[in-house]
Amino acid sequence: MQSPQISLVIPVYNEEACLERLFDRLYPVMDGLGASYEILFINDGSRDRSAALLADQFRRRPDVTRVVLFTNNFGQHSAILAGFSFSRGSRIITLDADLQNPPEDIPLLLAAMDQGHDYVGSIRRQRNDSWWRHSASRFVNRVRERTTDIRMTDQGCMMRAYGRHIVDTINQCQESHTFIPALAYTFARNPTEVVVGHEERYAGESKYSLYTLVRLNFDLMTGFSVMPLQLFSLLGMVVSLGSGFLVAYLLLRRLIVGPEEGGLFTLFGIAFFLIGLALFGLGLLGEYVGRIYFEVRKRPRYMVSAVLEESPLQEERKV
């Protein structure tokens, strides 16, 4: 079977209200590229009619449409990893189904790859998210830049393009929790970024809660750097040294001035600070231990119930 030039990977989770509009905008763009392509929809355990709509679209365009159906909801990154595993193109593009990133900007990513780049990230031209999402994203970007060697202007935008060798390398990784854009960046030889549009969701609501975003960024920092542990170790040494000086000062003061009343709340404040610091350190260490726990279990990252695709025999009959 001849491999297509482009594979488009789209995770879908409860996007019933967006899919028909996505089909109307996406297929004309891909048809106009003048290159062979396939569109891989990964249904991530949707509880609405998304699976049925994807099946209908497969029947309408079986030549370029493939649908992977998960048994349950495993998360966006697991869906993308499944798409990478099933993809056959030499260039792989990821796109969300909510139409916040316009499909019409796909040629911008391909043009950057034509210039020799093997990984093309994206920067949202004007974000249409809530203020807290925008502020939190900027804060996390700064933390990530200071704790890892990964340089991404806008890590929250999943509209990206990957060369085949990068996807093949990612497929060899068996991590249960990872951050795909950052992982791809570490494998890229000549990465770049392009500016793309950003629209409001066509319908529905975001699948990323505040807790999910926090967890994702913990995965990013703990999965690509041990600097948080090193910084905390350095902080522990500084606090220990400061505590030693404080004890020496209090002992010397007692010998010279004598015992004094008061100061109880100051000691409480110091104790609470040290206790809080210790608990924070335990939580940070727990994040790394938790990653080890998930990795050693070796559980599958996703489970596929069915794959809708045109068989080689059907293609031969058409010829």
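Residues numbered from 1 in each chain as written. Predicted model: local features only at pLDDT ≥ 70, side-chain atom pairs only at ≥ 80, totals over all residues. Heavy atoms only, no water.

### A few points about the overall build of the protein chain
Within the protein chain, the regular secondary structure consists of 11 helices and eight strands. Per-residue burial over the protein chain gives 42% buried out of 319 residues. Residue pairs at least 24 apart in sequence account for 83% of intrachain contacts in the protein chain once pairs closer than 6 positions are excluded. Element-wise, carbon and sulfur atoms account for 59% of the exposed surface of the protein chain, whose accessible area totals about 17,100 Å². (Helix = DSSP H or I, 4+ residues; strand = E, 2+ residues; numbered from the N terminus. Buried < 20%, exposed > 50% of the residue type's maximum accessible area, 1.4 Å probe, protein only. Contact = heavy atoms within 4.5 Å. Areas by Shrake-Rupley, 256 points an atom, 1.4 Å probe, with all protein chains shown as cover.)

### Quick word on the pairing of strand 5 (residues 119-124)
For strand 5, the buried fraction is high: five of the six residues fall into the buried class. Of the pairings in the sheet, the one linking strand 5 to strand 6 (residues 160-163) comprises two bridges and is antiparallel in character. Within the sheet, the bridge partner assigned to V120 lies in strand 6 and is A161. Pairing of strand 5 with strand 7 (residues 191-196) involves six bridges; the strand directions are parallel. Residue G121 lies in a different strand from strand 7, and its bridge partner there is E193. (Pairing = 2+ DSSP bridges.)

### Description of the sheet that holds strand 7
The eight strands lie next to each other as 7-5-6-4-1-2-3-8, forming an open sheet whose pairing is mixed. One side of each edge strand has no neighbouring strand; the edge strands of this open sheet are strand 7 and strand 8 (304-308). For this sheet the average axis-to-axis angle between neighbouring strands, irrespective of direction, equals 20°. Strands strand 1 (6-12), strand 2 (37-43) and strand 3 (65-70) of the sheet are contacted by helix 1 (residues 16-31), whose axis makes an angle of about 160° with strand 2. (Axes fitted to C-alpha atoms, helices over the stretch in contact; angles between N-to-C directions.)

### Let's talk about the packing of aromatic side chains
Under the defined criterion, the tally for this structure stands at six aromatic pairs. Ring geometry for F23 versus F41: centroids 5.6 Å apart, planes at 80°, classification edge-to-face. Here F41 lies in strand 2 and F23 lies in helix 1, a separation of 18 residues in the sequence. Judged on exposure class, the residue F23 and its partner F41 are both buried. Residues F70 and F74 carry aromatic rings whose centres are separated by 5.6 Å and whose planes lie at 85° to one another, so their mutual orientation is edge-to-face. Judged by its relative accessible area of 4%, F70 is buried. On the basis of relative accessible area, F74 is assigned to the partly exposed category, the value being 26%. (Phe/Tyr/Trp six-rings, centres within 6.5 Å; stacked < 30°, edge-to-face > 60°.)

### Observations regarding the environment of F23
Judged by relative accessible area, which is 4%, F23 ranks as buried. Counting along the chain gives 34 residues from F23 to Q57, while the straight-line C-alpha distance between them is 8.0 Å. Setting aside chain neighbours within four positions, we find F23 in contact with P28, F41, L53, L54, Q57 and R60.

### Looking at the nonpolar core
Within the largest apolar cluster, 34 residues are counted, with the highest numbers of intra-cluster contacts made by L8, I10, L26, I39, F41 and I106. Those elements that provide at least two residues to this core are strand 1, helix 1, strand 2, helix 2 (50-60), strand 3, helix 4 (106-114) and strand 7. Among the elements that make up this core, the one with the highest residue count is helix 1 (six residues). The contacts of L26, once residues within four sequence positions are left out, are L8, I10, I39, F41, L95, P103 and I106. Residues V9, A79, I170 and L183 belong to the second largest nonpolar core, which totals 26 residues. (Core = buried A, V, L, I, M, F, W, Y, C linked by side-chain atoms within 4.5 Å.)

### Re a nonpolar patch on the surface
Residues L251, L252, L255, I256 and V257 make up a contiguous nonpolar surface patch of roughly 570 Å² in combined accessible area. Within the element layout of this structure, I256 appears in helix 9 (residues 227-256). (Patch = residues over 30% accessible without salt bridge, like charges linked within 9 Å, V, L, I, M, F, W, Y side chains within 5 Å. Salt bridge = Lys/Arg side-chain N within 4 Å of Asp/Glu carboxyl O.)

### Section: unusual backbone geometry
Positive phi outside glycine occurs at N14, with the angle close to 55°. Inspection of the secondary structure puts N14 in the loop between strand 1 and helix 1. Despite not being glycine, L99 has its phi angle at roughly 65°, a positive value.

### Brief notes about the pattern of salt bridges
All told, the structure shown has 11 salt bridges when counted by the stated rule. R49 is the salt-bridge partner of E16, the closest N and O atoms lying 3.7 Å from each other. In this pair, E16 is assigned in helix 1 and R49 in the loop between strand 2 and helix 2, connecting sequence segments 33 residues apart. Between D168 and R164 there is a salt bridge, with its nearest N and O atoms 3.1 Å apart. In this pair, D168 and R164 are both assigned in helix 6 (residues 164-172), four residues apart and thus about one turn of the helix distant. Here D168 falls in the partly exposed class, since its relative accessible area comes to 33%. Three or more residues joined by partner-sharing salt bridges are found here, namely E38, R66, R88 and E309.

### Description of the environment of Q100
Secondary-structure assignment places Q100 in the loop between strand 4 (91-94) and helix 4. What makes Q100 buried here is its relative accessible area of 14%. A sequence separation of 59 residues divides Q100 from M159, and the C-alpha atoms of the two residues are 9.7 Å apart.

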